[in-house]
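A look at the structure
Next come the chains, spelled out residue by residue.
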Amino acid sequence: LPSTKSQVPGAMTMEKVTDYKDASTYNNFYEFGTDKDDPAKNAKTLKTSPWTVEVDGMVKKPAKFALEDLLKLSAQEERIYRLRCVEGWSMVIPWVGYSMSKLVERVEPLGSAKFVEFYTQADRATMPGLRSSVLDWPYVEGLRLDEAMHPLTLLSFGMYGEVLPNQNGAPVRLVVPWKYGFKSAKSLVRIRFTDQEPKTAWNKAAANEYGFYSNVNPNVDHPRWSQATERRIGEDGLFAKKRKTLMFNGYEAQVGQLYAGMDLKKNY
Amino acid sequence: MATAARRSVLLHPAAKPLLFVLALLPFAWLFYGAVANQLGANPAEYLIRATGDWTLRFLCLTLAVTPLRVVTSQPALVRFRRMLGLFTYFYACLHLSGYALFDMGLDFADIAKDIAKRPFILVGFAGFLLLTPLAATSFNRAIRALGASRWQALHRAVYVIAGLAILHFFWMRAGKNDFAEVAVYAAILAVLLGWRLWRRLRGAAARPVSAPAARPASGR
């Protein structure tokens, strides 16, 4: 998947990139099972072509995009982002895609639109995890419209210079680097603009543990574990002390102003 | 005939050393896997979870000895109970050490705060603390010193430990809504404890069920 280096501020961390093998075999993608190695084992069945993404709701120009058209909607960029999982581990991943804002601008949201909802594919025939009731399917995530419009919010089609492996959310996914990984919905089939705060999958499952915002924040602990530190996969050895988690996963300079004046302990 | 043959296998001098080696296999695998980097992308998490799993498995095995002994009329089975119980403690020690070392970097102030703050850690730690006196009084002289009835009363704490272990596991999985494995272990423990309760209600417990283990002579 050809791309050029992104010029967006903060989009190219110089940190050591995680091994492709780790990034493609240690995944959370519950539609293919709840163990970390399940997605790599089970996601082969996902059929990524043909693929369409429906964009609807409070927009002037609702549309159904075929994947081929979505790929060409804007120039593909390479971006190297830190990824911080809510479980306390992290990676550094070179994604390929373009700013979500390019798609948002294309469909022209109405003035009343305040939020964007992202729907992951939910096909029982190809996604064995849907048989379990761990989450309320389909997987739904959401952003405030201004978060979706932030240049760092990425609509991604590839990683490590190649198209996305199925287990990483092929053929198209969201990547929001300053939020916990589960906010970055995979294998998107629908994007809907709304004036209501989306009811997101993990928030519905455990509201006290997973808030709507879920910004990476070392000062607000998960009820069952601390978020102050993280283990960098493949780099922090068994006996290395875990590294300190950074506010907004190190993207505070770029995104801090989105949350000016908000109580982030309440809006976790 | 078959029963006698099985008994002689159970009483064979090599039976205990064999069980000892078998019980060490998970540890050997984990040790090898850690050194050879065969434990996946997050070896620390793998080690902590695997040692927790093996603690729970050995707890189930230990608690299965008495019901199996009675149901199969193989009193010789009791020879293995103490070793299984001590392996439960062995894997619990590894589990706690793994958490303290890999997750907390051996920062004891942090560990103390963590235990106080998080119910799921507190419950696991309480289970470990309760298990410690049981391991410490497992040798014959301790049994003699305590006396069989007091020793037995103390070791009934294992039922509380089983409850704490399941709660610890349940809470660990609760945020992910993934209770399939928890349910399997809970069901096994419920059967093993339910069987004891059932016998007691039937009055069978009037006969001292665990007496052979409590008698130092046969506990060898």
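Residues numbered from 1 in each chain as written. Chains lettered and ligands numbered in written order. Predicted model: local features only at pLDDT ≥ 70, side-chain atom pairs only at ≥ 80, totals over all residues.

Naming follows an unreviewed UniProt entry, where chain B appears as Protein-methionine-sulfoxide reductase heme-binding subunit MsrQ of Ramlibacter henchirensis.

Spelled out, the test is: UniProt positions are given in the numbering used here, feature names are shortened, and annotations may be inferred rather than shown by experiment.
Labelled according to an unreviewed UniProt entry, chain A appears under the name Protein-methionine-sulfoxide reductase catalytic subunit MsrP, originating from Ramlibacter henchirensis. Regarding chain A, the UniProt comment filed under Sequence similarities (unreviewed entry) reads as follows: "Belongs to the MsrP family."

As for the nonpolar core
Applicable threshold: To count as a nonpolar core, a set of buried Ala, Val, Leu, Ile, Met, Phe, Trp, Tyr and Cys residues must be joined through C-beta atoms within 7 Å. Residue burial here comes from a neighbour count, namely the number of other C-beta atoms, placed from the backbone, that lie within 10 Å of the residue's own C-beta, with 20 or more meaning buried, 12 or fewer meaning exposed, and in between meaning partly exposed. Strands here mean DSSP runs of E at least two residues long; helices mean DSSP runs of H or I at least four residues long; both are numbered from the N terminus.
Counting residues in each nonpolar core, the largest one holds 63 residues, and the members touching the most others are A:F118, A:L174 and A:L188. For this core, the element with the most residues is strand β5 (residues 89-99) of chain A, which contributes six residues. B:L131, B:A162, B:L164 and B:F169 belong to the second-largest nonpolar core, a separate cluster that totals 32 residues.

Focus: the UniProt feature "domain: Oxidoreductase molybdopterin-binding" (unreviewed entry) in chain A
On the UniProt side, "domain: Oxidoreductase molybdopterin-binding" (unreviewed entry) is annotated at positions that read residues 46-202 of chain A here. Within the segment residues 46-202 of chain A, helix and strand shares are 13% and 37% respectively, and the terminal C-alpha atoms sit 22 Å apart.

Details of the UniProt feature "transmembrane region" (unreviewed entry) in chain B
All names here are of chain B. According to UniProt, the feature "transmembrane region" (unreviewed entry) maps to residues 52-71, 83-102, 122-142, 154-173 and 179-198 in the numbering used here. Between the end C-alpha atoms of residues 83-102 the distance is 28 Å, and the span holds 100% helix and 0% strand. Measuring from the first to the last C-alpha atom of residues 154-173 gives 30 Å, for a span that is 95% helix and 0% strand.

Regarding the interface of chain A and chain B
Formally: Note on contacts: each residue gets a C-beta atom placed from the backbone, and two residues are in contact if those atoms are within 7 Å. For this scheme, ten residues count as nonpolar: Ala, Val, Leu, Ile, Met, Phe, Trp, Tyr, Cys and Pro. Four count as charged, namely Asp, Glu, Lys and Arg, and the remainder, Gly too, count as polar.
Each partner contributes to the interface: chain A provides 20 residues, whereas chain B provides 16 residues. Residues that form the side of chain A that touches chain B fall into these classes: nine nonpolar, four polar and seven charged.

Thoughts on the sheet that holds strand β11 (residues 188-194) of chain A
All names here are of chain A. Stated precisely, the cut-off is as follows: For two strands to be treated as a pair, DSSP must find at least two bridges joining them. What counts as an axis is a line fitted to C-alpha atoms, over the stretch in contact for a helix, and the angles between N-to-C directions run from 0 to 180 degrees.
Spatial ordering of the open sheet is given by β3-β2-β11-β6-β7, a layout of five strands whose pairing is mixed. The open sheet has two edge strands with one neighbour each: β3 (63-66) and β7 (140-144). Between one strand axis and the next, the sheet turns by 15° as a mean value, whatever way the strands run. Two elements, strand β2 (residues 52-57) and β3, share four bridges in a ladder whose sense is antiparallel. By the bridge assignment, E54 is partnered in β3 with K64.

Re the UniProt feature "binding site: Mo-molybdopterin" (unreviewed entry) in chain A
Residues and elements named next belong to chain A. Those residues carrying the UniProt feature "binding site: Mo-molybdopterin" (unreviewed entry) are N27, Y30, E31, C85, T120, N168, R173, S184, A185 and K186 in this numbering. Looking at where E31 falls in the secondary structure, it is placed in the loop between α1 (20-25) and α2 (38-42). The class of E31 is buried, set by 27 C-beta atoms lying within 10 Å. Not counting residues within four places of it along the chain, the set of residues in contact with E31 comprises T120, M127, G129, L130 and Y139. Along the polypeptide, N168 turns up in the loop between β9 (162-163) and β10 (173-175). The contacts of N168, once residues within four sequence positions are left out, are S24, N27 and M159.

What about the environment of A:K36?
Residues and elements named next belong to chain A. Considering the arrangement of structural elements, one finds K36 in the loop between α1 and α2. Judged by C-beta crowding, with 19 C-beta atoms within 10 Å, K36 ranks as partly exposed. Sequence-wise, K36 and W95 are 59 residues apart; in three dimensions their C-alpha atoms are separated by 20 Å. Sequence-distant contacts of K36, that is, excluding residues within four places in its chain, are made with Y26, N27 and N28.

Looking at the pairing of strand β12 (residues 229-232) of chain A
Residue and element names in this part refer to chain A. With two bridges joining them, β5 and β12 adopt parallel strand pairing. Bridge assignment links W89 to a residue of β12, and that residue is R231. The pairing of β12 with strand β13 (residues 243-244) spans two bridges and is classified as antiparallel. Residue pairing in the sheet places E230 in a bridge with R243 of β13.

Considerations on the UniProt feature "domain: Ferric oxidoreductase" (unreviewed entry) in chain B
When the UniProt feature table is mapped onto this chain numbering, "domain: Ferric oxidoreductase" (unreviewed entry) sits at residues 54-165 of chain B. This span, residues 54-165 of chain B, is 83% helix and 0% strand, and a straight line between its end C-alpha atoms measures 12 Å.

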